[in-house]
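Take a look at the letters that make up each chain.
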Amino acid sequence: MQNARYLIVFLALMCISLCAYNIYTIEQERKVLKEDLIELSKIKYGLFSVDVWKDLFSEIIANKIEELEFSPEEKEVTKDKVSTFLYRAIDEMETRFNDEQSESVSGLVKIGIANLTDMFGEIKKNVPSYTDQILTFLSAPENRENVKTYISEKLSEYADNTFSKIDYAERDQILAKYNYLDTQQAVSGLQAEVALYDIMLKKYLFAGLFIALLCAIGIMFAPEVSKGEFVMYTLISLGLLFSGLILPMIEIDARIADISFSVLGEQITFSDQVLYYKSKSILEVVQLMLTQGKPDVLIVGVLVLMFSVIFPVAKLISSMIYLFIPSLGTNRFMRFMVFRTGKWSMADVMVIAIFMAFIGFRGILTEQLSQLDSLSSNLDVLTTNRSSLQDGFFLFTTFVVLSLLVTHRLQFKQEDIVTAEAVVEAEAPLTEEE
């Protein structure tokens, strides 16, 4: 029976090791895809892209020009408006001409000649002809194309001279890397690939958690746990610990799901505009904080390192020493490390959660959302928070629970040994007297 338990626990150790390895390798591949997908979905390539706005405005203007069709009633109304505009323009031109020329003798002569010949009046007589020519010009298809081209060129020239250009080098590298022709095609393709990796990760994660649950049941309800089984349970806990340390713990993903507004009667919509994204493991967070050079961040980094790595590893090593060297059972330091540090095991989870929430929300407020201050408040905006707990969190939490159970069972085993020794010592004198 004991050999069967050995075999079962050993198989559990192998299966969890295999699951952890597969989760790690899949996560590394998924991480690359996810980071490339996030880069392509950043708001700088969409809502904040000058080039996108140039294309949108050019398309809207082109549509409006194509829609320029005059019914007989509309033609008369438009003709009146154009004529009124031309008459007003001629009057303004005459006034400006008189003001400019009245400052010199030669100018006064020019004004006299203009009045004598009724130059501006003659121009006004031709306004109806000019109006018809303008309407005819606008109605001709070839002229519409020229107008669209002219407006697009001027719009592009204005945008290039007013706004800074966007560096598309990284985006182009991603498109070339996956052989996609445009950003939209690349985003759709990468989303599908990431979804497949997510499915694979869930399968291995659920398998590993299920095996860990069986191990927890075995620890709690097995009539006796041998030293060899304790060793394998400790190795399983150690595997869960390191998996939890190197795998991402939390993923912060804040984006604008949809933002819609109307320009010249045309509806414009931007979707999935990434504002902020961060995904790091515990060890990556520790490395980041320790290299910041700021005292307050350094202190937090040391605390996370202590509660995430040093305490758990020291606890596991102390448990093994305590198990194989019974004479240390009365050592206060050893008993503290084995039986009293369990309640500290969740402290790093709290620290990581607080820290990641801090950098996440601070990053959103300071890096991205401040850019929205320049936009109109009359917008239809739908934001979404796709932040989620990652595999590292679940594996690390499983380690915490399993290690507590191992420690708890180890304590009972030590108490049983002490009790058995006390019984032997109590019965020994009686045997000698008999």
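Residues numbered from 1 in each chain as written. Predicted model: local features only at pLDDT ≥ 70, side-chain atom pairs only at ≥ 80, totals over all residues. Heavy atoms only, no water.

## A word on the overall build of the chain
Here is step 1: When you go through the chain residue by residue, the secondary structure sums to 15 helices and four strands.
Here is step 2: For the chain, the proportion of its 434 residues judged to be buried stands at 38%.
Here is step 3: Excluding contacts between residues fewer than 6 apart, the proportion of contacts in the chain whose partners are at least 24 apart in sequence is 80%.
Here is step 4: For the chain, the exposed area adds up to about 25,400 Å²; of that, 62% sits on carbon and sulfur atoms. (Helix = DSSP H or I, 4+ residues; strand = E, 2+ residues; numbered from the N terminus. Buried < 20%, exposed > 50% of the residue type's maximum accessible area, 1.4 Å probe, protein only. Contact = heavy atoms within 4.5 Å. Areas by Shrake-Rupley, 256 points an atom, 1.4 Å probe, with all protein chains shown as cover.)

## Comments concerning the pattern of salt bridges
Here is step 1: Summed over all chains, the structure comprises 11 salt bridges.
Here is step 2: One salt bridge in this structure joins Arg-5 and Glu-229, with 3.2 Å as the shortest N-O distance. Here Glu-229 lies in helix H10 (residues 227-246) and Arg-5 lies in helix H1 (residues 2-41), a separation of 224 residues in the sequence. The pair formed by Arg-5 and Glu-229 is uniform in burial state, with each residue classed as buried.
Here is step 3: A salt bridge links Lys-124 to Asp-91; the nearest nitrogen and oxygen atoms lie 2.4 Å apart. You can see Lys-124 sitting in helix H5 (residues 119-125) and its partner Asp-91 sitting in helix H3 (residues 72-101), a full 33 residues away along the chain.
Here is step 4: Judged by its relative accessible area of 34%, Asp-91 is partly exposed. (Salt bridge = Lys/Arg side-chain N within 4 Å of Asp/Glu carboxyl O.)

## Let's talk about helix H11 (residues 282-290)
Every α-helical turn comprises 3.6 residues, leaving residues that sit three or four positions apart pointing alike.
Here is step 1: Ile-282, Val-285, Val-286 and Met-289 are the residues of H11 that are buried. Around the axis of H11, the buried residues are gathered within 100 degrees of arc, so they sit on the same side. (Arc of directions from axis to C-beta.)

## Quick look at the side chain of Ser-243
Here is step 1: Looking at the secondary structure, you find Ser-243 in helix H10.
Here is step 2: Setting aside anything within four residues of it in sequence, one finds Ser-243 in contact with Ala-20, Gly-392 and Leu-395.

## Description of the packing of H10 against helix H12 (residues 295-324)
Here is step 1: Axis separation between H10 and H12 bottoms out at 11 Å; the angle between their running directions is 170 degrees. Taken together, the axis directions place H10 and H12 in an arrangement best described as roughly antiparallel. Facing Lys-227, Phe-230, Val-231, Thr-234, Ser-237, Leu-238, Leu-241, Phe-242 and Leu-245 of H10, the residues of H12 in contact are Ser-308, Val-309, Pro-312, Val-313, Leu-316, Met-320, Leu-323 and Phe-324.
Here is step 2: Here the residues of the contact of H10 with H12 are counted per class, giving 13 nonpolar, three polar and one charged. (Axes fitted to C-alpha atoms, helices over the stretch in contact; angles between N-to-C directions. Parallel < 35°, antiparallel > 145°, perpendicular 65-115°, else oblique. Nonpolar A, V, L, I, M, F, W, Y, C, P; charged D, E, K, R; others polar.)

## Considering the packing of H11 against H12
Here is step 1: Where H11 meets H12, the closest approach of the two axes is 8 Å, and the angle between their N-to-C directions is 150 degrees. Our classification of the angle between H11 and H12 gives roughly antiparallel. When the axes of H11 and H12 are compared, the crossing they make is left-handed. Contacts between H11 and H12 involve Ile-282, Leu-283, Val-286, Met-289 and Leu-290 on the former and, on the latter, Val-297, Leu-298, Val-300, Gly-301, Val-302, Val-304, Leu-305, Ser-308 and Val-309.
Here is step 2: Here the contact of H11 with H12 is built from residues that sort into 12 nonpolar, two polar and no charged. (Left-handed = near helix turned anticlockwise from the far one by under 90°.)

## Thoughts on the nonpolar core
Here is step 1: Of all hydrophobic cores here, the largest spans 56 residues; its most connected members are Tyr-233, Ile-236, Leu-240 and Phe-396.
Here is step 2: Only H1, helix H8 (169-177), helix H9 (183-221), H10, H11, H12 and helix H15 (391-433) provide two or more residues apiece to this core.
Here is step 3: The element best represented in this core is H9, accounting for 12 residues.
Here is step 4: Counting nine residues, the second-largest nonpolar core is a separate cluster that includes Ile-60, Ile-259, Ile-268 and Leu-275. (Core = buried A, V, L, I, M, F, W, Y, C linked by side-chain atoms within 4.5 Å.)

## Here's the deal with the packing of aromatic side chains
Here is step 1: For the structure on display, the rule yields three aromatic pairs.
Here is step 2: Ring centres of Phe-393 and Phe-394 lie 5.5 Å apart, and the angle between their planes is 80 degrees; this geometry places the pair in the edge-to-face category.
Here is step 3: Taken together, a centroid distance of 5.6 Å and an interplanar angle of 55 degrees make the contact between Phe-396 and Phe-399 tilted. Note that Phe-396 and Phe-399 are positioned in helix H15 at a spacing of three residues, about one turn of the helix.
Here is step 4: Owing to a relative accessible area of 0%, Phe-396 belongs among the buried residues under this scheme. (Phe/Tyr/Trp six-rings, centres within 6.5 Å; stacked < 30°, edge-to-face > 60°.)

Any functional reading would require information beyond the geometric quantities listed.
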